[in-house]
2 protein chains.
Amino acid sequence: MAQDRRIRKTRQILKQSLISIMKEKSIKHITVKEICEKADINRGTFYLHYKDVYDMFEQIETEFFNQLKAVLDSYHKQNIRLEDTHLEPLFSFLLENKDFCIVMLSVHGDMSFTKQLLNYLYERIVTVYGKDSSKLEHYYFFVIYGCVGLISNWLNTDTKETPVQMAQLAEDVILNGIRKYL
Amino acid sequence: MAQDRRIRKTRQILKQSLISIMKEKSIKHITVKEICEKADINRGTFYLHYKDVYDMFEQIETEFFNQLKAVLDSYHKQNIRLEDTHLEPLFSFLLENKDFCIVMLSVHGDMSFTKQLLNYLYERIVTVYGKDSSKLEHYYFFVIYGCVGLISNWLNTDTKETPVQMAQLAEDVILNGIRKYL
DNA sequence: TCAATTAATGAACTTAGTGTTGATTTTCAA
DNA sequence: TTGAAAATCAACACTAAGTTCATTAATTGA
């Protein structure tokens, strides 16, 4: 992070520009020219940082998941306890990056973001519940996708629940299903 | 469907070409030129049918979901029973279009496919379980995403379970969670 | 089977964004 | 303050997009 301020600033502005445009259209239709015009950055400057739009997109995504991993790994190393709130730090982190996540999980987002989130959840659930039979695999997939759904809905409504509440809610529906709520 | 044979043929070849290319790369990177070269179709012909790659993609997707809707609606109209296999016709239809669905649900696929599948599942679950409080919303989102996860994992493994078995599995984990399997 | 219709082809063309270069200006860190 | 590095600007060749039109081929249905 000990970077030239100009570099940080340029990338930050370009990132905001891309996210902003992605609220309106899919990445497929977004051009370098468009990103730079909105950011009021010279197009040549863009190429000093990124190969093309997708390269930029990937770098932003990678940065996000590196951050996520760093934050959560350090947390979980101190707390191996199998609580019903073990997903809380994840929900917290996603809430802190709410706007970004909403776009990435939207129809204009990218499958790779969702897939990476699923990967994280998979690792988490294996850590917590273990990996015995391959029979469990289907259930695990149900559950990790389910969590993404929960996250998506939570972020897109008013986010009125706290991360702790959401973690408990997730844990409850994972373990017990929805029967009692019907 | 009472179309000129040439039209059907051209579109079919272009579709195969697109799906085939999508196995290797994301739709973002696919050009009209590339699709036409693989299909050995004149590039001008492409534009007689589609506006651009995304338009083509959307049309294929729309066609798929129209078919899905037609097949399943007619089925459900005769069977309003709330069985634990009410998702069976969906699983059957997806299995019949296995290759297509695998690509669309993969990292090279598009969010809109997943979203449309989610929409269908949402309608289904509301029909079956009702829509009382908004409190249920989170649970419903968990469940519909969970089903997509189940579908994805099922199609990408050996598809050894039958659609009926998958429907029962889904219903079970929706209602009762995974506690008993741990 | 034939005639009218319609789709596909091929070539030419404009347009627009891409990615690069090199000279110049601005900003930064130490 | 100064040397280093980043951002700007203008110019460039290049590639795919999208359109047009004359020509060829295939289809339908009478």
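Heads up: the structure comes first, above all this text.
Residues numbered from 1 in each chain as written. Chains lettered and ligands numbered in written order. Predicted model: local features only at pLDDT ≥ 70, side-chain atom pairs only at ≥ 80, totals over all residues. Heavy atoms only, no water.

1. Focus on the interface of chain B and chain A
Counting residues at the interface gives 49 residues for chain B and 47 residues for chain A. B:Lys28 is paired through a salt bridge with A:Asp110; the nearest N and O atoms lie 2.8 Å apart. Mapped onto the side of chain B that touches chain A, the elements with two or more residues apiece are helix H4 (53-78), helix H6 (98-105), helix H7 (111-129), helix H8 (136-156) and helix H9 (163-176) of chain B. If you tally residues by element for the side of chain B that touches chain A, the top one is H8(B), at 17 residues. Considered class by class, the residues forming the side of chain B that touches chain A number 28 nonpolar, 13 polar and eight charged. (Contact = heavy atoms within 4.5 Å. Salt bridge = Lys/Arg side-chain N within 4 Å of Asp/Glu carboxyl O. Helix = DSSP H or I, 4+ residues; strand = E, 2+ residues; numbered from the N terminus. Nonpolar A, V, L, I, M, F, W, Y, C, P; charged D, E, K, R; others polar.)

2. Some points on the pattern of salt bridges
Evaluation of the coordinates by the stated rule reveals 16 salt bridges over all chains. The residue A:Lys25 makes a salt bridge to A:Glu34 at a minimum N-O spacing of 3.0 Å. Judged by its relative accessible area of 28%, A:Lys25 is partly exposed. When its relative accessible area of 23% is taken as the criterion, A:Glu34 is described as partly exposed. Of the charged contacts, one joins B:Asp4 and B:Arg6 as a salt bridge, the two residues approaching to 2.8 Å between their closest N and O atoms. B:Arg6 sits in the exposed class, given a relative accessible area of 62%. (Buried < 20%, exposed > 50% of the residue type's maximum accessible area, 1.4 Å probe, protein only.)

3. Here we look at the side chain of A:His108
Residues and elements named next belong to chain A. Tracing the chain through its elements places His108 in the loop between helix H6 (98-105) and helix H7 (111-129). For His108, the side chain forms a polar contact with the main-chain oxygen of Met22, separated by 3.1 Å. When near neighbours in sequence (up to four residues on either side) are disregarded, His108 contacts Met22, Lys23, Glu24, Lys25, Ser26, Ile27 and Val103. (Polar contact = N/O pair within 3.5 Å; in protein donor to acceptor, adjacent residues only side chain to side chain.)

4. Some remarks on the protein's contact with DNA strand C
The full set close to DNA strand C counts 19 residues, and A:Arg6, A:Arg43, B:Thr10, B:Thr45 and B:His49 are the nearest of them. Of all atoms in DNA strand C that approach within 4 Å of the protein, 71% are sugar or phosphate atoms. In this structure, a base nitrogen belonging to DNA strand C sits 3.0 Å away from a side-chain N or O atom of A:Arg43. The separation between a phosphate oxygen of DNA strand C and a polar side-chain atom of A:Tyr47 is 3.3 Å. (Near = heavy atom within 4 Å.)

5. Overview of the packing of aromatic side chains
Working definition: an aromatic ring pair is given by the centre-to-centre distance plus the angle between the planes. Residue and element names in this part refer to chain A. Evaluation of the coordinates by the stated rule reveals 28 aromatic pairs over all chains. When the centroid spacing of 5.5 Å and the interplanar angle of 80° are considered together, the rings of Phe46 and Tyr47 count as edge-to-face. With centroids separated by 6.0 Å and ring planes inclined at 50°, the aromatic side chains of Tyr122 and Phe141 adopt a geometry described as tilted. Placement of the pair is Tyr122 in helix H7 and Phe141 in helix H8 (residues 136-156), with a sequence separation of 19 residues. Residues Tyr122 and Phe141 agree in their burial class; the two are buried. Among the aromatic residues, those joined into a cluster by ring pairs are Phe64, Phe65, Phe93, Phe100 and Phe113. Of note, Lys15 hangs over the ring of Phe100, and the distance from its end group to the ring centre comes to 5.5 Å. (Phe/Tyr/Trp six-rings, centres within 6.5 Å; stacked < 30°, edge-to-face > 60°. Lys NZ or Arg CZ within 6 Å of the ring centre and 35° of its normal.)

6. Overview of the protein's contact with DNA strand D
Around DNA strand D, the surrounding shell holds 18 residues, and the nearest of these are A:Arg6, A:Thr10, A:Thr45, A:His49 and B:Arg43. Atoms of DNA strand D within 4 Å of the protein belong to the sugar or the phosphate in 68% of instances, the rest to bases. Within the contact set of DNA strand D, a phosphate oxygen lies 2.9 Å away from a side-chain nitrogen or oxygen of A:His49. Contact between DNA strand D and B:Arg6: a base nitrogen at 3.1 Å from a side-chain N or O atom of the residue.

No statement about biological role is implied by the geometric values presented.
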